[in-house]
Amino acid sequence: MAPIRTPPGRAGRQHLLHRLAVAARGADLLEKKLRVLRTEHQRLVQAEEACAAAWRERLGEAETWLSRGLVLSGEHALYVAAAGLAPADVTVRWTASMGVRRPSGISCTVPARPTSAATPGNTALVHAEAAYRLAVRAAADHACARAAARIVGAEVASTSRRVRALRRHWIPRLQEALAHVDLALEQSEHEDSVRRRWAVQVLKGMERPTERDGPSEDRSARRSTPRASSGA
């Protein structure tokens, strides 16, 4: 793994502290988002299960009536009854929460039987048509709930991976890099202190001979002065 690049000296330390604070703040925000998403995902999964149960129930009723109608009039009556019917129209509504865009509901319209279409051949097919209308709406509700649960579930997994990457990898790397920088700065400051003490000792050593030479010259000058006056 490549080392983290930082500016030299104390600027590098401040740089790492800033990045560490940003990473910690980001991890905290992602964990809050994850808690909200998990709650929402659990609610959507329960809604999906309820919609699936309703869809299976409506579909079972429709298939039961269809089987009875086929027994009474055969498949030809089904084809005649289905001729001229328009397909259902489904409109999906969308919403966004915690940065996740997902389906929030549907509007399902099943066109009524046109007057020009043939009437079903028996009562069972009439009941089957009405039951399938309900089954289509239930299927649309189930598809919407399932898509929403899958989208939020995928976001939960993605956010969990990001939190783990920050907590287990990126933040420890920044902390390790910061510890190395602190150690290097401490060693540098210690070396600077040793050099300063050595420089002070060297300067003191250079000043001491100068102080000894000064008084000796004064004494020699005082000795020579009387001799000069006596000679005159």
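Rules of the game
Residues numbered from 1 in each chain as written. Predicted model: local features only at pLDDT ≥ 70, side-chain atom pairs only at ≥ 80, totals over all residues. Heavy atoms only, no water. Salt bridge = Lys/Arg side-chain N within 4 Å of Asp/Glu carboxyl O. Helix = DSSP H or I, 4+ residues; strand = E, 2+ residues; numbered from the N terminus. Buried < 20%, exposed > 50% of the residue type's maximum accessible area, 1.4 Å probe, protein only. Patch = residues over 30% accessible without salt bridge, like charges linked within 9 Å, V, L, I, M, F, W, Y side chains within 5 Å. Areas by Shrake-Rupley, 256 points an atom, 1.4 Å probe, with all protein chains shown as cover. Lys, Arg positive; Asp, Glu negative; His and termini not counted. Charge placed at Lys NZ, Arg CZ, Asp CG, Glu CD.

Thoughts on the pattern of salt bridges
- Within the structure shown, the criterion is met by 9 salt bridges.
- In this structure, Asp182 and Arg13 form a salt bridge, with 2.5 Å as the shortest nitrogen-oxygen distance. Within this pair, whereas Asp182 is found in helix H2 (residues 123-231), its partner Arg13 is found in helix H1 (residues 10-82), the two being separated by 169 residues in sequence.
- In this structure Arg13 comes out as partly exposed when scored by relative accessible area, which is 25%.
- Lys33 serves as the salt-bridge partner of Glu155, at 3.0 Å between the closest nitrogen and oxygen. Taken as a pair, Glu155 in helix H2 and Lys33 in helix H1 lie far apart in primary sequence, 122 residues in all. Across this residue pair, the class does not change: Glu155 and Lys33 are buried.

Digging into unusual backbone geometry
- Phi is positive for Met98, close to 55 degrees, though the residue is something other than glycine.
- Take Met98: it is sitting in the loop between strand E1 (89-97) and strand E2 (100-109).
- For Met98, a relative accessible area of 39% translates into the label partly exposed.

Quick look at a positive patch on the surface
- Residues Arg38, Arg161, Arg164 and Arg168 make up a contiguous surface patch of positive charge.
- Looking at the positive patch element by element, the count peaks at 3 residues for H2.
- With respect to the helices, strands and loops of the structure, Arg168 is situated in helix H2.
- Classification of Arg168 by relative accessible area gives exposed; the value is 60%.

What to know about the environment of Ala54
- If you trace the backbone, Ala54 turns up in helix H1.
- Overall, the relative accessible area of 29% leaves Ala54 in the partly exposed class.
- The spatial distance from the C-alpha of Ala54 to the C-alpha of Ala135 is 8.5 Å, given a sequence separation of 81 residues.

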